[in-house]
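Remarks on the overall topology
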Amino acid sequence: EVFAAWRPAANTAIGISQAAAADPSPDKVDLSVGAYRTEEGRELILGAVREAQRRLEADPATNHEYLGHGGNPRFCRLAAELALGAGSAALAEGRVASIQGVSGTGSLWVGAAFLSRYYRRSRVALLSAPSWPLHDLMMERAGLELRRYRYYDETTRGLDYEGMLEDLRAAPQGTILVLQGCGHNPTGVDPTPQQWQGILAAAQERQLFVFMDNAYQGFVCDLEEDAAAVRLFVDAGLELLVAQSFSKSMGLYGERVGALHLVAASADVARGAEAALQELIVPMYATPPKYGAAIATTILADPQLRQQWQRELAELPGSMLRRRQQLYDALQEVGVPGSWEHILKQRGMFSYTGLTEAQCGHLMERWHVYLTPDGRISLTGLTGPRCRYVAEAFKDAILA
Ligand code: PLP
């Protein structure tokens with residue numbers, strides 16, 4: 001035999017969404033994919049993005065030459081300022097090493113590879129129970145040992161804060177702690193600002209190395225509030241990694257725009273780490289894609305365009321909250337058994353419905369309602385007129 005046994009592909013949200021796209025049923029509702037859809041069910045290209053594209057097209061300096069291994073330096077700086085705050089002391093002191101990644105996923109992967117190769121204090125990665133499945137996959141593939149901290153409380157359908165703190169305090173010194181800064185995927189459950197203080201204290205107590213995934217900045221509340229957790233850790237003087245994505249905040253999903261920032265203890269460490277990160281990138285993909293980062297740079301660097309982007313982005317959290325309310329109302333009207341308050345309380349793009357894997361299967365097969373098998377739905381896949389149909393489908397799946 002030439003090849004070892006294949007591993008079947010994981011049941012990813014993108015895979016399920018492709019199955020939904022191939023389903024010819026006029027009834028279908030795709031609640032699986034983590035991409036924004038308007039309240040009329042359409043993809044969204046922001047006006048600021050269109051304007052940036054127009055400017056790039058008209059600019060004679062635009063070309064298709066390679067970027068360096070670390071990507072577009074201007075983009076990296078603007079992205080770091082967006083994540084850490086323009087007035088960040090870490091940035092002013094030159095303690096931040098940034099590379100442009102292949103969106104959030106690619107940035108996380110470079111970060112995982114970096115920790116696997118260079119981090120000396122632990123080979124254990126502590127992930128929330130549950131976490132985004134790609135976190136599990138990446139940490140494992142990077143050769144790190146996976147452990148869990150309690151996060152989602154099945155009974156309250158909120159945060160198991162006490163359980164989480166207990167698990168962080170019981171972690172071996174130096175353990176890698178993977179956190180999501182806002183809009184937790186898949187649960188939609190985020191710590192409060194006060195709870196973040198407790199998490200920081202636990203991380204300091206055990207000298208945990210924080211790897212912060214902040215893919216939803218600007219998508220949950222606003223650009224400042226959604227960056228508060230990241231900035232809390234940075235401003236407390238911790239060394240940490242931050243993975244950033246412009247998929248959601250600029251709607252640049254397929255263009256793969258993101259960055260990885262290592263906030264280091266000194267400018268010397270940051271300089272060395274930047275070279276090490278670039279060295280890791282060389283055999284992976286050599287250089288990141290150019291176009292999407294040029295769009296993001298054009299927007300971030302121009303005050304007027306940046307304002308337009310911020311105005312457009314500010315509309316999206318409210319639109320997702322409206323859809324939470326519409327779904328909740330429909331579930332009540334249809335009389336779906338169980339309590340559904342959590343749909344209103346959870347935040348960001350996702351809601352963790354509490355539906356079982358079998359019920360999810362039923363929804364997909366009988367009702368053409370697509371969602372990930374852990375019961376996660378993306379609110380952006382919902383349109384007002386389809387809420388009732390989805391509620392009827394939930395009821396049938398629960399009573400089946
Ligand atoms: N991290 C989390 C928690 C996510 O939900 C996502 C996207 O769904 C990402 C990172 C990265 O997305 P992208 O690779 O499109 O930037």
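Predicted model, so just to flag it, every value in this text is computed and none were measured. (Residues numbered from 1 in each chain as written. Predicted model: local features only at pLDDT ≥ 70, side-chain atom pairs only at ≥ 80, totals over all residues.)

1. Side note on the sheet that holds strand S8 (residues 209-214)
- One open sheet holds the seven strands; their spatial order is S2-S10-S9-S8-S7-S3-S4, and the pairing between them is mixed. What marks the edges here is a single partner per strand, and that holds for strand S2 (96-102) and strand S4 (145-150). Taking each pair of neighbouring strands and ignoring which way they run, the sheet shows an average axis angle of 25 degrees.
- Pairing of strand S3 (residues 124-129) with S4 involves six bridges; the strand directions are parallel. (Pairing = 2+ DSSP bridges. Helix = DSSP H or I, 4+ residues; strand = E, 2+ residues; numbered from the N terminus. Axes fitted to C-alpha atoms, helices over the stretch in contact; angles between N-to-C directions.)

2. Let's talk about the confidence of the model for the protein chain
- Per-residue confidence for the protein chain gives a mean pLDDT of 96; residues scoring 70 or more make up 100%.
- For this predicted complex, the interface score ipTM comes out at 0.99, while the overall pTM is 0.96. (pLDDT = per-residue confidence, 0-100.)

3. Thoughts on the domain arrangement of the protein chain
- In terms of domain boundaries, the protein chain breaks down into domain 1 (13-34 + 315-399) and domain 2 (66-301).
- When each unit is reduced to the centre of its C-alpha atoms, the spacing between domain 1 and domain 2 is 29 Å.
- Counting residues at the interface gives 16 residues for domain 1, matched by 16 residues for domain 2.
- Every element with two or more residues in the side of domain 1 that touches domain 2 is listed here: helix H12 (303-334), helix H13 (341-345) and strand S11 (350-352).
- In terms of residue count, S11 provides more of the side of domain 1 that touches domain 2 than any other element does, three residues in total. (Domains from an automatic or database assignment. Contact = placed C-beta atoms within 7 Å.)

4. A word on the nonpolar core
- Membership of the largest hydrophobic core comes to 119 residues, with the highest contact counts inside it found for Leu177, Val210, Phe211, Leu240, Ala296 and Val390.
- Here the element with the most residues in this core is helix H3 (residues 73-84); it accounts for eight residues.
- Three or more residues apiece are contributed to this core by two domains, here domain 1 (13-34 + 315-399) and domain 2 (66-301). (Core = buried A, V, L, I, M, F, W, Y, C linked by C-beta atoms within 7 Å. Buried ≥ 20, exposed ≤ 12 C-beta atoms within 10 Å, placed from the backbone.)

5. Section: helix H2 (residues 47-58)
- For H2, built from twelve residues, the straight-helix expectation of 16 Å at 1.5 Å per residue is met to within 8% by its first-to-last C-alpha distance of 17 Å.
- Along H2, the residues that are buried comprise Ala48, Val49 and Ala52. On an axial view of H2, the arc spanned by its buried residues comes to 100 degrees, and they lie on one face. More than 90 degrees from the buried face of H2, the exposed residues found are Arg50, Arg54, Glu57 and Ala58.
- In the core, the buried residues of H2 are packed alongside helix H11 (291-301) and H12. (Expected span 1.5 Å × (residues − 1). Arc of directions from axis to C-beta.)

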